[in-house]
Amino acid sequence: MKEKAQLMDEKAMGRAITRVSHEIIEKNKGVEDVVLVGIKTRGVPIANRIAKKIQSIEDVCVDTGEIDITLYRDDLKKVDTDPVINGSNINFDINDKVVILVDDVLYTGRTVRAALDAIMDIGRPKSIQLAVLVDRGHRELPVRADYVGKNVPTSKHEVISVMLNETDEQDSVTINE
């Protein structure tokens, strides 16, 4: 893979997180019933960053958890015959809450579908919303993000690479081909 262009640097990512955080607060008229659930792997640190930003804006600590969708994937047999399960960590009640699923890149919608199934196995939220850092298009399922850091039109041959300090020791979003 060859890097085609850098789409976001550390500052641009920070601005996107700030914008998404404000949009979450505005759409939900505060964060009283809001919880954040990051989809493993890179959705988790993004959810934590959003929670931290919301706390700095509203002075309210939003519950944040993580969900592993491995067993809910519709392509599990194609991906791996012996999948690694990292487990979910949601140690709060999601019943009657506004659950905001958080992921790094929205592409086909299949990851989100799997996350929806996993969430519904845990409880019965009031509603589920979706926040992504990058929406690259090419949906295969009828899924749309409620909050988007950056919309990036791509070809199916291109790959969006999100790197985060928490997992990759740098913050950047690049498009590769």
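Residues numbered from 1 in each chain as written. Predicted model: local features only at pLDDT ≥ 70, side-chain atom pairs only at ≥ 80, totals over all residues. Heavy atoms only, no water.

1. Things to note about the packing of aromatic side chains
1) Next: In this structure the tally under the stated criterion is 0 aromatic pairs.
2) Next: A cation over a ring is seen here: arginine 136 above tyrosine 107, with NZ or CZ 3.9 Å from the ring centre. (Phe/Tyr/Trp six-rings, centres within 6.5 Å; stacked < 30°, edge-to-face > 60°. Lys NZ or Arg CZ within 6 Å of the ring centre and 35° of its normal.)

2. Some details on a positive patch on the surface
1) Next: The grouping of Lys11, Arg15, Arg19 and Lys150 at the surface amounts to a positive patch.
2) Next: If you tally residues by element for the positive patch, the top one is helix α1 (residues 10–27), at 3 residues.
3) Next: Counting through the fold element by element, arginine 15 comes out in helix α1. (Patch = residues over 30% accessible without salt bridge, like charges linked within 9 Å, V, L, I, M, F, W, Y side chains within 5 Å. Areas by Shrake-Rupley, 256 points an atom, 1.4 Å probe, with all protein chains shown as cover. Salt bridge = Lys/Arg side-chain N within 4 Å of Asp/Glu carboxyl O. Lys, Arg positive; Asp, Glu negative; His and termini not counted. Charge placed at Lys NZ, Arg CZ, Asp CG, Glu CD. Helix = DSSP H or I, 4+ residues; strand = E, 2+ residues; numbered from the N terminus.)

3. Some words on the layout of surface pockets
Which parts of space are left empty comes out when a probe the size of a water molecule is rolled across the atoms.
1) Next: Roughly 180 Å³ of internal volume is contained in the second largest pocket.
2) Next: Around the second largest pocket, the lining comprises 14 residues; the ones closest to its centre are Arg73, Thr108, Gly109, Arg110 and Thr111.
3) Next: Looking at the lining of the second largest pocket, the element that brings in the most residues is helix α4 (residues 110–122), giving 5 residues.
4) Next: Taken together, the residues of the lining of the second largest pocket sort by class into 6 nonpolar, 3 polar and 5 charged. (1 Å grid on protein atoms, 1.4 Å probe; cavity = no way out; pocket = protein on both sides within 12 Å on 5 of 7 lines; lining within 4 Å. Points joined across faces, edges and corners; volume = space filled by probe spheres on them. Nonpolar A, V, L, I, M, F, W, Y, C, P; charged D, E, K, R; others polar.)

4. Notes on unusual backbone geometry
1) Next: Omega for the bond connecting lysine 40 with threonine 41 falls within 30 degrees of zero, at 10°, which places this linkage in the cis form.
2) Next: Locating threonine 41 in the fold gives a position in the loop between β2 (34–39) and α2 (43–58).
3) Next: For lysine 29, which is not glycine, the phi torsion reads 50° and is therefore positive.
4) Next: Turning to its location among the elements, lysine 29 is positioned in the loop between α1 and β2.
5) Next: With a phi angle near 60°, aspartate 96 is a residue other than glycine that sits in the positive phi range.
6) Next: Tracing the backbone shows aspartate 96 in the loop between α3 (76–79) and β4 (98–106).
7) Next: Aspartate 96 gets classed as exposed once you look at its relative accessible area, which sits at 56%. (Buried < 20%, exposed > 50% of the residue type's maximum accessible area, 1.4 Å probe, protein only.)

5. Comments concerning the sheet that holds strand β1 (residues 3–8)
Each strand in a sheet pairs with another by means of backbone hydrogen bonds, the pair being arranged parallel or else antiparallel.
1) Next: Strand order in the open sheet made by the 3 strands is β1-β8-β7, with antiparallel pairing throughout. The two strands at the open ends of the sheet, each matched to only one other strand, are β1 and β7 (159–163). Averaged over all neighbouring strand pairs, the angle between strand axes comes to 25°, with direction disregarded.
2) Next: One ladder, built from 4 bridges, connects β1 with strand β8 (residues 172–176); its direction is antiparallel. Within β8, the position partnered with methionine 8 by the bridge is valine 173.
3) Next: Contacts from α1 reach β1, β7 and β8, with the element oriented near 45° to β1. (Pairing = 2+ DSSP bridges. Axes fitted to C-alpha atoms, helices over the stretch in contact; angles between N-to-C directions. Contact = heavy atoms within 4.5 Å.)

6. Some points on empty space enclosed by the protein
1) Next: Applying the stated criterion across every chain, the model contains 1 cavity of 30 Å³ or more.
2) Next: Taken as a whole, the largest cavity holds about 40 Å³ of empty space.
3) Next: Around the largest cavity, the lining residues are Ala16, Ile17, Val20, Ile46, Ile50, Ala131, Val132, Leu133 and Gly149.
4) Next: For the lining of the largest cavity, the elements supplying multiple residues, two or more each, are α1, α2 and β5 (127–135).

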